[in-house]
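The lines below spell out each chain.
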Amino acid sequence: MGFDGLVVVSDPYLQRRFTQADLRALQAQYAALRDASSSGRLRMRDLPAAISSLRGATVSAKADAENENSAPEPGPGPGLTDEEWASVLKAVARADERPHQDASFELFLRVYAEMQLRLKSAGAGAGAGGKKAAGGIARSSSSSAVAFLTAATTTLLHTISESEKASYVGHINAYLAEDPFLRSALPIDPATDHIFHVTKDGVLLCKLINLAVPGTIDERAINTKRVLNLWEKNENHTLCLNSAKAIGCTVVNIGTQDLAEGRPHLVLGLISQIIKIQLLADVNLKSTPQLVELVEDSKEMEELMSLSPEKILLRWMNFQLKKGGFQRTVSNFSSDIKDSEAYACLLNVLAPECSAKPSAMSVKDLLHRARLVLEHADRMGCKRYLTPKDIVDGLPNLNLAFVAHIFQKRNGLSKQMKQVSFVDGLSDDAQVSREERSFRLWINSLGISTYINNVFEDLRNGWVLLEVIDKIAPGSVNWKMANCPPIKLPFKKVENCNQVLKIGKELKFSLVNIAGNDIVQGNKKLILAFLWQLMRYNILQLLKNLRFHSNGKEITDNDILVWANKKVKDSGKHQSRMESFKDRSLSSGTFFLDLLSAVEPRVVNWSLVTKGEKDEEKQMNASYIISVARKLGCSIFLLPEDILEVNQKMMLTLTASIMYWYLKRPTSHSLDSENGSSCETSSTTTSDDSASESSFDDNAAR
């Protein structure tokens, strides 16, 4: 979702079926229907009545606007009969979706699209004499239903914002101008579509990711020849998408072919997400501990830690506006800043020395006032991400970028952080921070409805954990017993967490001395331990579900170890071996490079590999391993430090991800059901080169 503007869904058909405007409107309607429910939930079985009522209200409003004498149609009007609705739900429901379960936004879209197709067919049949069209329902009122359904979806073409494109191109031109490889391609003309051609080889996107989160991609792994063949471009795109996922981008709807073709809305959406991550990198307590000024007590601190960077930025903005005597509260980056008054006050507080005559507040014309605001920002060294018209139009993405850049340049917070006792809990040891990061990115990659910003804070009500469990072990959650956010009563949170642990025991997790209240209290050690078992279960189930390889038998950690050693040995590296996933020799990186080369000989450039003896050499190898694995198509979330320190958990996930990628190929090797040896086999699965799946392919877990 680019600056919260791009709505993405995992089903490529749905992404193509609706424009971004349609998706945003339907997402708002979906949220409204869910909020309007007495239980705060929208179940699959509720969709027929909900969508019918939504349709009826919209048609009535449209009729009132067009003809004041027209009366709204009674009841659901040209909706479907109970039998027809049952047929729709049966057509779109997946194997793991049950009538009593919560209806996801994607299911809502599938039902909506199916109803649209059927009523269109019915409309065509009615137009031809009222006969029933194949797969559709003919009825006299079908034409009005078709009019309603097509009102918001008149085209399958995606639209892009020219203002956003110009802003992002300007960002790229400013930050990557000195890159040796890109120098010949920059600057890009924002008035043309050249940006979508420059990105077709994947190099610029990889460089942009490294700009957002330095060190994410080992640039030695990027194919940077002046003329790349299709295979090399595909490798760059795969590396780009897996790396984007590893820094927190949502890429479930984007494949390598989309980037190769330069599909504008998808390319621009990915670029906007990457730039957003770069601009918001410091909007957190770890990078900017001075943000503690925004809170007064430990309760507010907990709330601040659970907020997204966008929400923290709003809170910071209001904190500064209060200093300037601003009377209103800014709650969004759109309508609340259209008049530029908040901007004028903010800049006067942060950089009064850069103000000029006339003051922005003394000007009545909104465009003129916005222009003065931007001139003030220029004088304090802030690059523009928007035009005066963008401010007046209230474009949220660009306004967010503008405010984030102001925060980067001058946040106005005290350099002497106030000493308060509740700040002491902010300092985690390095491994805890890395594990929290890995699990957070993994959870967000699963495509659940809730995006988390902090594992220890966002999981405390139990709801997200139930969503994760439902994703990797479908049908195991009793949603009737679950309490939906927002949850104010502590015991309701405990109830959710107790169900989480109950399911964990059913999945044979080790849960000694852990209770639901431990999760509610944010016990970091216990939360990380539980998340690791969830991730491990997910990995092993996915490998097991490749039945043509595992023959349906349970996969163990030892099976993965045996497979990896055998692959390396069969490739001719008889001396390369790991004894366990905590084998200290793994820190050199040579075994994983041997394994990657064994599964795909051409993927490792051995001229770039070091001996892995000195710390610096180990660091270089570890960085290269991660980028090569992502370039191959592996979805992984570890850091080089995890390899250097031989983090046993991350070593298992890395090896399992390589194994999963290899076994999914059209022709590979299967595990012998008795001893883990391998035998040649073939399958009809396709190579995972799209990098558009959720982590470890969540759909395969069903």
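Residues numbered from 1 in each chain as written. Predicted model: local features only at pLDDT ≥ 70, side-chain atom pairs only at ≥ 80, totals over all residues. Heavy atoms only, no water.

**Q** Help me out: how do you make sense of the overall build of the chain in this one?
**A** For the chain, the helix and strand inventory stands at 30 helices and 2 strands. Relative to its 702 residues, the chain shows a buried fraction of 54%. Taking as baseline every contact in the chain between residues at least 6 positions apart, the subset at least 24 positions apart corresponds to 64%. Put simply, the chain shows about 30300 Å² of open surface, and 52% of that area lies on carbon and sulfur atoms. (Helix = DSSP H or I, 4+ residues; strand = E, 2+ residues; numbered from the N terminus. Buried < 20%, exposed > 50% of the residue type's maximum accessible area, 1.4 Å probe, protein only. Contact = heavy atoms within 4.5 Å. Areas by Shrake-Rupley, 256 points an atom, 1.4 Å probe, with all protein chains shown as cover.)

**Q** How should I be thinking about the packing of helix 9 (residues 203–212) against helix 10 (residues 230–246) in this particular structure?
**A** Two quantities define a packed helix pair, namely the angle between the axes and the distance from one axis to the other. Packing of helix 9 against helix 10 leaves a shortest axis separation of 9 Å and a crossing angle of 25°. Here helix 9 is positioned roughly parallel relative to helix 10, judged by the angle of their axes. For helix 9 against helix 10, the interelement crossing comes out left-handed. Contacts between helix 9 and helix 10 involve Val-203, Leu-205, Cys-206 and Ile-209 from the former and Asn-236, Leu-239, Cys-240, Ser-243 and Ala-244 from the latter. Residue composition of the contact of helix 9 with helix 10, by class: 7 nonpolar, 2 polar and no charged. (Axes fitted to C-alpha atoms, helices over the stretch in contact; angles between N-to-C directions. Parallel < 35°, antiparallel > 145°, perpendicular 65-115°, else oblique. Left-handed = near helix turned anticlockwise from the far one by under 90°. Nonpolar A, V, L, I, M, F, W, Y, C, P; charged D, E, K, R; others polar.)

**Q** Where do I start with helix 15 (residues 341–350) in this structure?
**A** Three or four residues apart is the spacing at which side chains of an α-helix point the same way, because the helix has 3.6 residues per turn. Taking burial as the measure, the 10 residues of helix 15 include 7 buried ones, the bulk of the element. Listed in full, the buried residues belonging to helix 15 are Ala-342, Tyr-343, Ala-344, Cys-345, Leu-346, Leu-347 and Leu-350. On its buried face, helix 15 is in contact with helix 14 (309–323), helix 16 (366–379), helix 17 (388–393) and helix 18 (396–409).

**Q** Sorry, what's going on with the packing of helix 9 against helix 12 (residues 264–279) here?
**A** Where helix 9 meets helix 12, the axes come as close as 8 Å, and the angle between the chain directions of the two elements is 20°. If you check the angle between helix 9 and helix 12, you find them roughly parallel. For the crossing formed where helix 9 meets helix 12, the hand is left-handed. Contacts from Leu-205, Leu-208, Ile-209, Leu-211 and Ala-212 of helix 9 reach helix 12 at Leu-270, Ile-271, Ile-274, Ile-275, Ile-277 and Gln-278. Taken together, the residues that form the contact of helix 9 with helix 12 break down as 10 nonpolar, 1 polar and no charged.

**Q** Honestly, the packing of aromatic side chains in this entry has me stumped. Any pointers?
**A** For any pair of aromatic rings, geometry is given as the distance between the ring centres together with the angle between the planes. Evaluation of the coordinates by the stated rule reveals 11 aromatic pairs. Between Trp-316 and Phe-407 the ring centres are 5.1 Å apart and the planes differ by 90°, which places this aromatic pair in the edge-to-face class. A residue pair is termed long-range when its members are at least 10 positions apart, and Trp-316 in helix 14 and Phe-407 in helix 18 qualify at 91 residues. Note on Trp-316: relative accessible area 0%, which makes it buried. Aromatic pair Phe-509 and Phe-530: ring centres 5.7 Å apart, planes at 70°, arrangement edge-to-face. Residue Phe-509 is located in the loop between helix 22 (490–506) and helix 23 (516–520), and its partner Phe-530 is located in helix 24 (residues 524–545); the two are separated by 21 residues in the primary sequence. For the pair Phe-509 and Phe-530, one class covers both residues: buried. Taken together, the ring pairs in this structure connect Tyr-30, Phe-105, Phe-108 and Tyr-112 into an aromatic cluster. Here the guanidinium or amino end of Arg-226 rests over the ring plane of Phe-181, the centre of that ring lying 4.3 Å away. (Phe/Tyr/Trp six-rings, centres within 6.5 Å; stacked < 30°, edge-to-face > 60°. Lys NZ or Arg CZ within 6 Å of the ring centre and 35° of its normal.)

**Q** Just checking my understanding: could you explain unusual backbone geometry for this structure?
**A** Working note: non-glycine residues mostly have negative phi, and peptide bonds are mostly trans. Omega for the peptide link from Lys-357 to Pro-358 comes to -10°, which places this bond in the cis form. With respect to the secondary-structure elements, Pro-358 resides in the loop between helix 15 and helix 16. Backbone torsion omega between Pro-485 and Pro-486 reads 0°, so that peptide bond is classified as cis. Note that Pro-486 resides in the loop between helix 21 (463–472) and helix 22.

**Q** Is there a simple way to explain the confidence of the model for the chain in this structure?
**A** With 77% of its residues at a pLDDT of 70 or more, the chain has an overall mean of 79. Confidence drops under a pLDDT of 50 for residues 419–424, and excluding neighbours within four residues, the segment shows 10 contacts in the predicted structure. (pLDDT = per-residue confidence, 0-100.)

**Q** It is not clear to me how the pattern of salt bridges should be interpreted in this structure. Could you clarify?
**A** For side chains bearing opposite charge, pairing can occur when the charged atoms are close. Scanning the entire structure with this criterion turns up 26 salt bridges. Residue Arg-328 pairs with Glu-341 through a salt bridge whose shortest N-O separation is 3.3 Å. Residue Arg-328 is found in the loop between helix 14 and helix 15, and its partner Glu-341 is found in helix 15; the two are separated by 13 residues along the sequence. Note that Lys-389 and Asp-393 form a salt bridge whose closest N and O atoms lie 2.6 Å from each other. Of this pair, Lys-389 and Asp-393 both sit in helix 17, separated by 4 residues, roughly a single helical turn. For Lys-389, a relative accessible area of 51% puts it in the exposed group. Assessed through its relative accessible area of 35%, Asp-393 is described here as partly exposed. (Salt bridge = Lys/Arg side-chain N within 4 Å of Asp/Glu carboxyl O.)

**Q** Would you explain the side chain of Asp-258 in this entry?
**A** Note that Asp-258 resides in helix 11 (residues 256–261). When its relative accessible area of 12% is taken as the criterion, Asp-258 is described as buried. A polar contact is formed between the side chain of Asp-258 and the side chain of Arg-263, at a distance of 3.0 Å. When neighbours within four sequence positions are excluded, Asp-258 is seen to be in contact with Asn-253, Arg-263, Leu-266 and Val-267. (Polar contact = N/O pair within 3.5 Å; in protein donor to acceptor, adjacent residues only side chain to side chain.)

**Q** Sorry if this is basic, but what is going on with the side chain of Ser-340 here?
**A** Position of Ser-340 among the secondary structure elements: in the loop between helix 14 and helix 15. Among the residues examined, Ser-340 registers a relative accessible area of 0% and is labelled buried. Each residue touching Ser-340, except ones within four places of it in the same chain, is listed here: Arg-369, Ala-370, Val-373 and Ile-391.

**Q** Help me understand helix 27 (residues 590–599) in this model?
**A** Among the 10 residues in helix 27, 9 count as buried, and that is most of the element. Buried residues of helix 27: Phe-591, Phe-592, Leu-593, Asp-594, Leu-595, Leu-596, Ser-597, Ala-598 and Val-599, and no others. Close packing links the buried residues of helix 27 with helix 26 (557–570), helix 28 (615–632) and helix 30 (648–663).

**Q** What should I look at first to understand the environment of Thr-81 in this one?
**A** Assignment of secondary structure puts Thr-81 in the loop between helix 3 (47–66) and helix 4 (82–92). Sequence spacing of Thr-81 and Pro-48 is 33 residues, and the spatial spacing of their C-alpha atoms is 9.4 Å.

**Q** When you look at the nonpolar core in this model, what are you seeing that I'm missing?
**A** Considering soluble globular proteins, one finds that nonpolar side chains tend to be buried as a cluster. Core analysis: the largest hydrophobic core is formed by 177 residues, its most contacted members being Leu-270, Leu-313, Trp-316, Met-317 and Leu-534. The element that contributes the greatest number of residues to this core is helix 24, accounting for 13 residues. Setting aside its immediate chain neighbours within four residues, Met-317 contacts Val-330, Ile-337, Ala-342, Tyr-343, Leu-346 and Val-403. Ranked by size, the runner-up nonpolar core spans 24 residues in total, among them Leu-14, Leu-47, Val-88 and Phe-105. (Core = buried A, V, L, I, M, F, W, Y, C linked by side-chain atoms within 4.5 Å.)

**Q** How should I be thinking about the environment of Val-562 in this particular structure?
**A** On the secondary structure map, Val-562 appears in helix 26. Here the alpha-carbon distance between Val-562 and Met-578, two residues 16 residues apart in the chain, equals 9.3 Å.

**Q** Mind showing me how you'd approach the environment of Val-283 here?
**A** Assignment of secondary structure puts Val-283 in the loop between helix 12 and helix 13 (298–306). In this structure the C-alpha to C-alpha distance between Val-283 and Pro-309, which are 26 residues apart in sequence, comes to 5.5 Å. Each residue touching Val-283, except ones within four places of it in the same chain, is listed here: Leu-291, Pro-309, Ile-312, Leu-313 and Phe-407.

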